[in-house]
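# Summary of the model geometry
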Amino acid sequence: MEGGGDDIQALITLMARLPGLGPRSARRIVLSLIRRRDTQMVQLAQLLDRVAVNSRECLSCGNVTDRDICPICADPARATGEICVVEDVADLWALERGRAFRGRYHVLGGTLSALDEIGPEDLGIPRLISRIHEDGVTEVILALNATVDGQTTAHYIADALEGSEVAVTGLAQGVPIGGELDYLDDGTISAALRARRRL
Ligand code: ZN
């Protein structure tokens, strides 16, 4: 135990394991929170509690949300006929931050992998294909990683849509994706979306 007592030390240890933080920033945060108990700490504790109880996957797209259907899927203005397929929720949030895409999403939660025995069912691909046909989707943008598994997944989805009226496109090459879109600035994300090409 360091100076603050068991619970305070446990809080610092947990915080230090969060992405982007370490022991030093964890100590600063905990001290700052305690000094702002009424204005920040109580509110943070209540929000953590609520999000822990309520956060779930959107039943339609797989986004992480605090309701059954996420605000993007529920927004009628976003029924543009475009669906952007991403591997990870972090990619969806990065694309949203760029404000370049006004359609809807499908989060796979991974890629097809023979090695790890991840098949189309595990990624909700059959559900995606029926959603595409039912919702009158005209363009599917595959924002998937340039890895072998990412490209295998892209080809699988493109093949499943062959012979339909749906246009299948991909982001401009050279864009890191698969949880890494978040490291790009908003302008680069928007440019990659604008420069998408037909697969
Ligand atoms: Zn959704």
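Every value quoted in this text rests on a predicted model; they were computed, and no experiment measured them.

This next bit is on the packing of helix α6 (residues 125–134) against helix α7 (residues 148–160). Direction vectors running N to C along α6 and α7 enclose 40 degrees, while the axes themselves pass 11 Å from each other. Between α6 and α7, the crossing angle belongs to the class labelled oblique. For the pair α6 and α7, the sense of crossing is right-handed. Between α6, through Ile125, Leu128 and Ile129, and α7, the contact on the second element is made entirely by Thr153, Tyr156, Ile157 and Ala160. Class assignment of the residues belonging to the contact of α6 with α7 gives a composition of six nonpolar, one polar and no charged.

How big an interface is tends to be stated in terms of the accessible area lost upon association of its parts. Here the chain is described as being made up of domain 1 (6–54) and domain 2 (70–170). Placing a centre on the C-alpha atoms of domain 1 and another on those of domain 2 gives a separation of 35 Å.

Let us look at the nonpolar core. One finds Cys70, Cys84, Val86, Leu92, Leu95, Phe101 and Tyr105 to be the most contacted residues of the largest nonpolar core, which totals 20 residues. Secondary-structure elements contributing two or more residues to this core are α4 (71–74), β3 (82–86), α5 (89–98), β4 (104–107), β5 (139–143) and α8 (186–194). The element best represented in this core is α5, accounting for four residues. Core analysis: the next-biggest nonpolar cluster, separate from the first, contains 19 residues, Leu128, Ile132, Val140 and Leu142 among them.

Here the focus is unusual backbone geometry. A positive phi angle is found at Glu117, which is not glycine, with a value near 55 degrees. Within the secondary structure layout, Glu117 lies in the loop between β4 and α6.

A few words now on helix α2 (residues 23–35). Taking 1.5 Å per residue, 13 residues should reach 18 Å; α2 reaches 18 Å between its end C-alpha atoms and fits that length. Here α2 has its buried residues at Ala26, Val30 and Leu33. The buried residues of α2 occupy an angular sector of 65 degrees when the element is viewed end-on, so they sit on one face. In this structure, α2 carries Arg24, Arg28 and Arg35 as exposed residues pointing more than 90 degrees from its buried face. If you follow the buried residues of α2, they end up packed against α1 (6–16) and α3 (37–54).

This next bit is on the sheet that holds strand β6 (residues 167–170). With mixed pairing, the five strands of this open sheet are ordered in space as β4-β3-β5-β6-β7. What marks the edges here is a single partner per strand, and that holds for β4 and β7 (197–198). As judged from the four bridges shared by β3 and β4, these two strands associate in the parallel manner. Following the sheet pairing, Val85 is matched in β4 by His106. The sheet strands contacting α5 are β3 and β4, and the helix crosses β4 at an angle near 160 degrees.

One can find Thr13 in helix α1. Sequence spacing of Thr13 and Leu123 is 110 residues, and the spatial spacing of their C-alpha atoms is 34 Å.

Before going further, it helps to spend a moment on the coordination of the zinc ion. At the metal site, the zinc ion is ligated by Cys58 (SG), Cys61 (SG), Cys70 (SG) and Cys73 (SG), and these contacts range over 2.3 Å. Around the zinc ion sit four donor atoms, and with donor-metal-donor angles ranging over 105 to 114 degrees the site reads as tetrahedral. Linear spacing of the donor residues for the zinc ion on their chain is C-x2-C-x8-C-x2-C. In this pair, Cys61 sits in the loop between β1 (56–57) and β2 (64–65) while Cys73 sits in helix α4, placing the two residues twelve residues apart along the sequence. Residue Cys61 shares its accessibility class with Cys73, and that shared class is buried.

Conventions and cut-offs
- Residues numbered from 1 in each chain as written.
- Predicted model: local features only at pLDDT ≥ 70, side-chain atom pairs only at ≥ 80, totals over all residues.
- Heavy atoms only, no water.
- Axes fitted to C-alpha atoms, helices over the stretch in contact; angles between N-to-C directions.
- Helix = DSSP H or I, 4+ residues; strand = E, 2+ residues; numbered from the N terminus.
- Parallel < 35°, antiparallel > 145°, perpendicular 65-115°, else oblique.
- Left-handed = near helix turned anticlockwise from the far one by under 90°.
- Contact = heavy atoms within 4.5 Å.
- Nonpolar A, V, L, I, M, F, W, Y, C, P; charged D, E, K, R; others polar.
- Domains from an automatic or database assignment.
- Core = buried A, V, L, I, M, F, W, Y, C linked by side-chain atoms within 4.5 Å.
- Buried < 20%, exposed > 50% of the residue type's maximum accessible area, 1.4 Å probe, protein only.
- Expected span 1.5 Å × (residues − 1).
- Arc of directions from axis to C-beta.
- Pairing = 2+ DSSP bridges.
- Donors = N, O, S within 2.8 Å, 3.2 Å for Na, K, Ca; no water.
- Tetrahedral: all angles 85-135°; square planar, octahedral: opposite > 155°, others 65-115°.

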